[in-house]
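# Notes for the structure review
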Amino acid sequence: MSFRAQLTDHHADGTLCPADHKHTSSGKPLHADCPGRAYTQAICSCGNWEMKQHGKGYVNECRKRHLADHAKGPKVLRDLLRLDAF
């Protein structure tokens, strides 16, 4: 099963910031009608992971790390299948 964790940008009031609203790296708006990005959020479809932070790059890094863990398989199975488990 493949999992997804989409990045979404949000305004300070919690409303979704549309993808066509561009920002500087610090979150300042480049779109006239945008109040600016207050935080970025990612929620994994596995239901066990969620992240909400000001830094979009940090959220994206953590999201990629979490999704890579899914590709490795469940930890219990990995531990059982290890050849050097003894």
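Scroll up for the structure.
What counts, and where the lines are drawn
Residues numbered from 1 in each chain as written. Predicted model: local features only at pLDDT ≥ 70, side-chain atom pairs only at ≥ 80, totals over all residues. Heavy atoms only, no water. Helix = DSSP H or I, 4+ residues; strand = E, 2+ residues; numbered from the N terminus. Polar contact = N/O pair within 3.5 Å; in protein donor to acceptor, adjacent residues only side chain to side chain. Contact = heavy atoms within 4.5 Å. Buried < 20%, exposed > 50% of the residue type's maximum accessible area, 1.4 Å probe, protein only. Pairing = 2+ DSSP bridges. Disulfide = S-S within 2.5 Å. Salt bridge = Lys/Arg side-chain N within 4 Å of Asp/Glu carboxyl O. Axes fitted to C-alpha atoms, helices over the stretch in contact; angles between N-to-C directions.

### Observations concerning the side chain of Arg63
Along the chain, Arg63 falls in helix α1 (residues 56–72). Polar contacts involving the side chain of Arg63 include one to the side chain of Asn60, which spans 2.9 Å. Residue contacts for Arg63: discarding those within four places in its chain leaves Ala5, Leu7, Ala42 and Trp49.

### Things to note about the pairing of strand β3 (residues 39–44)
Counting buried residues along β3, five of its six residues qualify, which places the element largely inside the surrounding structure. Note that β3 and strand β4 (residues 50–53) share four bridges and pair antiparallel. Bridge assignment links Ile43 to a residue of β4, and that residue is Glu50. Connecting β3 to the next strand, β4, in antiparallel fashion are five residues, including Gly47 with a positive phi near 85 degrees.

### A look at the state of the cysteines
Tallying each qualifying case throughout the model produces zero disulfides. With no disulfide partner, Cys17 has as its closest neighbouring cysteine sulfur the one in Cys34, 3.6 Å distant.

### Here's the deal with the pattern of salt bridges
Counted according to the given criterion, the structure contains two salt bridges. With a closest N to O distance of 3.3 Å, Lys56 and Asp9 form a salt bridge. With a gap of 47 residues between them, Lys56 in helix α1 and Asp9 in strand β1 (residues 5–10) connect regions that are remote in the sequence.

### Topic: the sheet that holds β4
Read across the open sheet, the four strands follow the order β2-β1-β3-β4; overall the sheet is antiparallel. Both outer strands of the open sheet, β2 (16–17) and β4, are each paired with one neighbouring strand and no more. Against the sheet, α1 touches β1, β3 and β4, its axis set at about 10 degrees to β3.

### A short note on the side chain of His21
Counting through the fold element by element, His21 comes out in the loop between β2 and β3. Here His21 is in contact with His11, His31, Asp33 and Cys34, once residues within four sequence places are set aside.

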